[in-house]
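The primary structure of each chain is shown beneath.
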Amino acid sequence: MEKDDSSVFVEWANKPEVFGEYNPLHQMSKAEAEKMLDNPDIKPFMIEKKDGSKVGFIFHFHVLHLGTGTKQLEIGYTLLPGERGKGYCTEAIMIMVDYLFLSRDVMRIQAQTDQRNAASQKVLERAGFKKEGTLRNNFFIRGEWTDDRIYSIIREEWREPRILTKTTKNRS
Ligand SMILES: CC(C)(COP(=O)(O)OP(=O)(O)OC[C@H]1O[C@@H](n2cnc3c(N)ncnc32)[C@H](O)[C@@H]1OP(=O)(O)O)[C@@H](O)C(=O)NCCC(=O)NCCS
């Protein structure tokens, strides 16, 4: 996402139906959106169709383990309500996983999702993630503490790019 995307991002962020029922409600100003797009620790990417229309976003960020200084990579994603169920998110996750394993010296990529969020768990499993366990009372959403499932894909399971290749920069 570029700075120019802050308007569309802030519009989406303030619509409860975009983040869905399993995410905390957001209220975000344009200034906050711009600050987020400037934060080097959060990397959001637009999910675009071939015609250039923007249908959602996917991002990666670091989860710092204070004891070792290890930075784990985590991903998150959201599709606009009218664009769900078409396979776009599965494809976006696969591209993100290829990109991160090709460009970063990391052994694992993780994702967390509300245990009731069946669509999110399905896309993670289809993209090759494995369920590791439950994070109890992980978030406070709409008046209750909720449990999350944590998933990961490790480098040995990924083995090779499924969509991106190292030579994509040479393609037109
Ligand atoms: C989770 C989300 C990103 C999935 O995106 P998507 O583009 O619809 O995903 P895909 O089309 O690749 O696959 C979705 C799959 O889940 C299935 N699914 C959707 N809703 C479901 C439900 N309530 N129960 C069970 N399966 C469901 C779909 O049928 C589809 O499977 P199929 O292709 O075998 O039919 C999208 O639903 C979303 O943006 N939700 C709101 C925000 C959110 O929850 N983000 C994730 C936070 S961790």
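Remember, predicted model here, so these are calculated numbers, not experimental data. Here, residues in each chain are numbered from 1, in the same order as that chain's written sequence. Whole-chain, interface and lining totals are the exception, using all residues; otherwise, since this is a predicted model, local features are given only for residues with pLDDT of at least 70 and side-chain atom pairs are given and counted only at 80 or more. Calculation of side-chain values draws on the structure's entire complement of heavy atoms; hydrogens and water are dropped beforehand.

(A) Examining the site of the ligand more closely. Within the structure, the ligand sits among 22 residues, and Leu79, Gly85, Gly87, Thr90 and Asn117 are positioned closest to it. A distance of 3.1 Å separates an oxygen atom of the ligand from a polar backbone atom of lysine 86. Polar contacts, as used here, are pairs of N or O atoms within 3.5 Å; protein pairs need one atom able to donate a hydrogen and one able to accept it. Residues neighboring in sequence count only if both atoms are side-chain atoms. Between the ligand and the protein, one listed contact pairs an oxygen atom with a side-chain N or O atom of arginine 126 at 2.8 Å. About the coverage of the ligand: the protein hides 70% of its 950 Å² of free accessible area. When at least one non-hydrogen atom of a residue lies within 4 Å of a molecule or strand, that residue is treated as near it. In short, Shrake-Rupley with a 1.4 Å probe defines the accessible areas, and a residue's cover is counted only from the protein chains shown.

(B) Focus on the pairing of strand E4 (residues 108-114). Counting buried residues in E4 gives six out of seven residues, a clear majority hidden from the surface. As a crossover connection, the stretch from strand E3 (residues 71-79) through helix H4 (residues 88-103) into E4 is right-handed. Pairing of E4 with strand E6 (residues 144-154) involves seven bridges; the strand directions are antiparallel. Pairing of arginine 108 across the sheet is with isoleucine 154, part of E6. Exposure classes here rest on a 1.4 Å probe applied to the protein chains alone. A residue is buried below 20% of its type maximum, exposed above 50%, and partly exposed in between. Helix and strand definitions here come from DSSP, where helices need a minimum of 4 consecutive H or I residues and strands a minimum of 2 consecutive E residues; each element is numbered from the N-terminal end. For crossovers, right-handed means that the path from the first strand over the helix to the second runs clockwise, given strands pointing away from the viewer. Whether two strands pair depends on DSSP finding at least two bridges between them.

(C) Broad picture of the environment of glycine 143. With respect to the helices, strands and loops of the structure, glycine 143 is situated in the loop between strand E5 (130-141) and E6. In the structure, glycine 143 is positioned 119 residues away from proline 24 in sequence and 9.7 Å away in space, judged by C-alpha atoms.

(D) Layout of unusual backbone geometry. For asparagine 137, which is not glycine, the phi dihedral falls at a positive 50°. Here asparagine 137 shows up in strand E5. Residue asparagine 137 is classed as partly exposed on the basis of its relative accessible area, which comes to 48%. A positive phi angle, near 45°, is found at arginine 142, a position not held by glycine. Within the secondary structure layout, arginine 142 lies in the loop between E5 and E6. Residue classification places arginine 142 among the partly exposed residues on the basis of a relative accessible area of 44%.

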